[in-house]
Amino acid sequence: MDTRVSLSILLLLFGISQASPLMEQRFDCVFESEPEIVDITTKILESNNGSSEVLIEGDLVFPKTRNALYCFHNNCFWKKNSNNIVEVPYIVSNEFSNYDKSVITNAMSTFNSKTCIRFVARSTQTDYISIENKDGCFSNLGRTGGKQVVSLNRNGCVYNGIVQHELNHALGFYHEQTRSDRDQYVKINWENISPDMAYNFQIQNTNNQNTPYDYGSIMHYGNTAFSIQPWLETITPIPDETVVIGQRQGMSKTDILRINKLYEC
C-alpha cells in the first residue's frame, strides 16, 4: 500500500476515535431531554412513590380542607390587582438546572399569555409559591397564605404538562375525574382499586362553571391510576371507552377557559 494512503487512513481513524466521545456526549444530551411517551398519572405516581408528604389523589398535599370553586370569601383565590391581573409570585430553587428552569418558565408562559394569571418573580410579597426539588410532584390546593411549596422533583416531574398540572392545583383546581358529575362520563372500576386507595376517587362538590367534562384536561388522570395491577383499568371513559385520558402535553382549551371563568378574567 502507498505510504501516503496508509498515513491518510491512520489520520482518519485517529480523528474518528477522538470525535467519538464528543458524538456520544452530544447524543446523550439529546436523549436525556427527550420526554418519555407516558401518561401524566404514571409519571406523577411513580415520582410520588415513597414521598414523605401525606398526599391525596396522588399529588395534593393533605389536609384537603377546601375546594377553590366553593371557598368562602374567595380566601383561597390569588388576588387581583388594580389592573385586573392576578399576580402569583414565585421563586425557583437553585437546585434546578438552567434547562429545568426553562421548562418551568415555558409552562408558566401559557398562563401568562392565555389567562389573566401572571406568574411573577417574588420580591417582598407575603403569599408566594416556592418551586422546589422535593420528593415528588405535588402542590397545595389554592392559595394557602405565606410560602407554599410546589414540588417538582428533577427526576420525573419537570415536564411541561406536569408543571402546568401542579400549578393548576395551586390556583385551586381538583382533578377532572373527581368533579361532581363524573359518573356520567367515566366509570370507576372499583374492583381494580385497592380498598386503601379508594379515597382517591371521592367525588368533590365542584362548581363546574357550565363547562363540559373534559377528557383532554391536563387535570385528568389516566386509565390505570391507583390500579392494583399496572395493566388493569381504574377509569374507563363512557360511552366511548377508547377516548384518550391522562395526557401531559399541556393545558386544554377547556382548562384555559375554566381559569378565565374562575378568576373572572
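It should be noted that the structure appears before, not after, this text.
Worth saying up front: this structure is predicted, and the values here are computed from it rather than measured. The numbers attached to residues start from 1 for each chain and follow its sequence in the written order. Given that this is a predicted model, residues contribute local features only at a pLDDT of at least 70 and side-chain atom pairs are listed and counted only at 80 or more, while totals for whole chains, interfaces and linings are drawn from all residues. With hydrogens and water set aside, each side-chain value is computed from the structure's full complement of heavy atoms.

### With respect to unusual backbone geometry
Note the threshold: Here a strand is any run of E in DSSP of at least two residues, a helix any run of H or I of at least four, and the numbering for each starts at the N terminus. Three exposure classes are used, based on accessible area relative to the maximum for each residue type with a 1.4 Å probe and protein chains only: buried under 20%, partly exposed in between, and exposed over 50%.
The omega torsion across isoleucine 238 and proline 239 is 5 degrees, close enough to zero to call that bond cis. Positionally, proline 239 belongs in the loop between β9 (235-237) and α5 (253-262). You will see that asparagine 84, though not glycine, has its phi angle at about 65 degrees, which is positive. Tracing the chain through its elements places asparagine 84 in the loop between β2 (60-61) and β3 (86-92). Overall, asparagine 84 belongs to the partly exposed group, its relative accessible area being 45%. For phenylalanine 226, which is not glycine, the phi dihedral falls at a positive 60 degrees. In this fold, phenylalanine 226 is placed in the loop between β8 (186-188) and β9.

### Notes on helix α3 (residues 98-114)
Using the following cut-off: Expected span of a helix: the number of residues minus one, times 1.5 Å. Only heavy atoms enter the contact rule, under which two residues are in contact if any of them lie within 4.5 Å.
Between its terminal C-alpha atoms α3 stretches 25 Å, which fits the 24 Å expected from 17 residues at 1.5 Å a residue. Of the residues making up α3, those classed as buried are Asp100, Val103, Ile104, Ala107, Met108, Thr110 and Phe111. Contacts made by the buried residues of α3 are with β3, β4 (117-121), β5 (128-132), β7 (147-152), α4 (160-171) and α5.

### Here we look at the side chain of threonine 234
Mapping threonine 234 onto the fold places it in the loop between β8 and β9. According to the relative accessible area criterion, threonine 234 is buried, its value standing at 0%. Discounting residues that sit within four places of it in the chain, threonine 234 has contacts with Lys187, Ile188, Asn189, Asn192, Ile193, Phe201, Asn223, Thr224, Ala225, Phe226 and Ser227.

### With respect to the state of the cysteines
We apply this condition: Note on terminology: pairs of cysteine sulfur atoms within 2.5 Å are recorded as disulfides.
The final tally for this structure, using the stated rule, is two disulfides. For the chain, the bonded cysteines pair up as 1-4, 2-3 when numbered in the order they occur along the sequence.

### A look at the pairing of β7
Short version of the rule: At least two DSSP bridges between two strands are needed for those strands to be called paired.
When β5 meets β7, the two strands line up parallel, connected through five bridges. Within the sheet, the bridge partner assigned to serine 130 lies in β7 and is valine 149.

### Let's talk about the environment of alanine 225
Inspection of the secondary structure puts alanine 225 in the loop between β8 and β9. Along the sequence, alanine 225 and asparagine 200 sit 25 residues apart, while their C-alpha atoms lie 9.4 Å from each other.

### Description of the pairing of β3
Threshold: Assignment of crossover handedness uses the view with strands pointing away from the viewer, where a clockwise path from the first strand over the helix to the second indicates a right-handed crossover.
In this structure, β3 lies alongside β4, joined through five bridges in parallel fashion. Its bridge partner being in β4, glutamate 87 is matched across the sheet by arginine 118. Considered for its hand, the β-α-β crossover made up of β3, α3 and β4 is right-handed. Inspection of the sheet shows β3 paired to β5 by three bridges, in the parallel sense. Bridge pairing in β5 places valine 92 opposite isoleucine 131.

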